[in-house]
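Topology and contacts: notes
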Amino acid sequence: MGMFKDNHGALRKLRLLAFGAKSDVDTFREKIEDSYSCVFLPNHVDNMVCDYGGVQCDVLVPEIYSSKRVLLYIHGGSFVGGSRDSWRSFCASLANVSSCRVVVPEFRLPPIHKYPAALEDVIRVYKALYADLRSEFALEDEDESFDSEIIIAADGSGASIASGMLLSLDNVFHAGIKELLLFSPWLDVSPSSRAVNAKPFVDDVLGPNSVKRSVDVYATEEETQSPLVSIMKADDEMLKRFPNVYIQMGGKEALLADAEEFSQRLKSLNKECILDVWNGMPYMFQMADEFLPESHLAIERVGHHYTARKSDE
């Protein structure tokens, strides 16, 4: 792509996403905002602020988009950080390559708002978005087929919230969901997590203590055992309600083992699960696009995955 690769610069930026032992919540949030917020959105993507279910949301609209495809994005940030501002550029790029509108909620964060506040917020957003789309297509009868394609997407700790939302929704609300898209997902944040307890814990961005610190601020130890927080704790009947899943992550992530196990479980239930691993790449490498050519290529691959399909599949 003709750009200079800077692994050290990428790691410096990506490590700001890990809630380290030396960070307090306010400083951690400030560093994310300072590093990831942007003034101008890429690719001529427009941004509107809308209210869905009482939650403020960005609605990122690319120049060309499918009216039937909408992506609801639940940002990461180690549970305690991140915002619409700091994820706006990344989600705008995702909107552009996927040719769809992307909705990014400003859900509540701990320590003031612990679990299940964020989960409750995104459930309200989804239900309001679902109702809005049905209205957009003039569907009044609940039994009418829902010819729309809602993609639920998340990264890192946001994957815990997104998965919990899918388990919490009644069957009627699952009608429009076509896929779950996850970047570097946190799938098991319980004390028994195989990935977090790996010895040695090898990850250039995350550390085992940073994951544990994040979770301790978000939920109690007992709550982390719930499938609504750690989706790996879900039984097969719960996972049968999941849509198709696309997971993209780096090959140098400590959490890759959990993703591989999760993928195999879904496949054993005859669910489609694509595990797209980029060798040599760190946790959330897609958000270091000014340093890594692979960041652009990875997002383009995700976009092609959606635009290559007919929206009424």
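Described in the following lines is the structure provided in the data block. (Residues numbered from 1 in each chain as written. Predicted model: local features only at pLDDT ≥ 70, side-chain atom pairs only at ≥ 80, totals over all residues. Heavy atoms only, no water.)

Next up on the list: the packing of helix α2 (residues 25-36) against helix α3 (residues 84-98). Running from N to C, α2 and α3 cross one another at 35°; their axes reach a closest spacing of 8 Å. Like other packed secondary-structure pairs, α2 and α3 cross with a definite hand, here left-handed. For the pair α2 and α3, the contacting residues are Ile32, Glu33 and Tyr36 in the first and Asp85, Ser86 and Trp87 in the second. (Axes fitted to C-alpha atoms, helices over the stretch in contact; angles between N-to-C directions. Helix = DSSP H or I, 4+ residues; strand = E, 2+ residues; numbered from the N terminus. Left-handed = near helix turned anticlockwise from the far one by under 90°. Contact = heavy atoms within 4.5 Å.)

Once that is clear, we can look at the pairing of strand β2 (residues 55-61). Summarising burial for β2: six of the seven residues are buried, a large majority. Between the end of strand β1 (residues 46-52) and the start of β2, which pair antiparallel, lie two residues, with Gly53 showing a positive phi angle near 65°. In this structure, β2 lies alongside strand β4 (residues 101-105), joined through four bridges in antiparallel fashion. Considered in β4, the bridge of Leu60 is made with Val102. (Buried < 20%, exposed > 50% of the residue type's maximum accessible area, 1.4 Å probe, protein only. Pairing = 2+ DSSP bridges.)

The tendency in soluble globular proteins is for nonpolar side chains to be buried as a group. Tyr73, Tyr126 and Ile152 are the most contacted members of the largest nonpolar core, which has 108 residues in total. The element contributing the most residues to this core is helix α4 (residues 117-136), with nine residues. Not counting chain neighbours up to four residues away, the residues in contact with Ile152 comprise Leu72, Ile74, Tyr126, Ala162, Met165, Leu166, Ile177, Glu179, Leu180 and Leu181. (Core = buried A, V, L, I, M, F, W, Y, C linked by side-chain atoms within 4.5 Å.)

Within the fold, Ser78 resides in the loop between β3 (69-74) and α3. Of note is the side chain of Ser78, whose polar atom sits 2.7 Å from the backbone oxygen of Leu17. (Polar contact = N/O pair within 3.5 Å; in protein donor to acceptor, adjacent residues only side chain to side chain.)

On to the pattern of salt bridges, then. Here the structure, examined in full by the defined rule, presents 16 salt bridges. Residue Arg84 pairs with Glu106 through a salt bridge whose shortest N-O separation is 3.0 Å. Placement of Arg84 in helix α3 and of Glu106 in the loop between β4 and α4 is noted, with a sequence separation of 22 residues between them. Three or more residues joined by partner-sharing salt bridges are found here, namely Asp58, Arg84, Asp85, Arg88 and Glu106. (Salt bridge = Lys/Arg side-chain N within 4 Å of Asp/Glu carboxyl O.)

All right, on to the sheet that holds strand β8 (residues 273-278) then. Within the open sheet, the eight strands sit side by side as β1-β2-β4-β3-β5-β6-β7-β8. Their pairing is mixed. Looking at strand neighbours, the two that pair on one side only are β1 and β8, the edges of this open sheet. On average, each strand axis in the sheet is tilted by 20° relative to the strand beside it, whichever way the strands run. Pairing of β3 with strand β5 (residues 149-155), which is carried by six bridges, proceeds in the parallel orientation.

In the contact formed by α4 and helix α5 (residues 158-168), the axes pass within 9 Å of each other and the chain directions differ by 60°. Accordingly, the angle class assigned to the pair α4 and α5 is oblique. For the element pair α4 and α5, the recorded crossing hand is right-handed. From α4, Ala118, Leu119, Val122, Ile123 and Tyr126 reach across to α5, where they touch Ile161, Gly164, Met165 and Ser168. (Parallel < 35°, antiparallel > 145°, perpendicular 65-115°, else oblique.)

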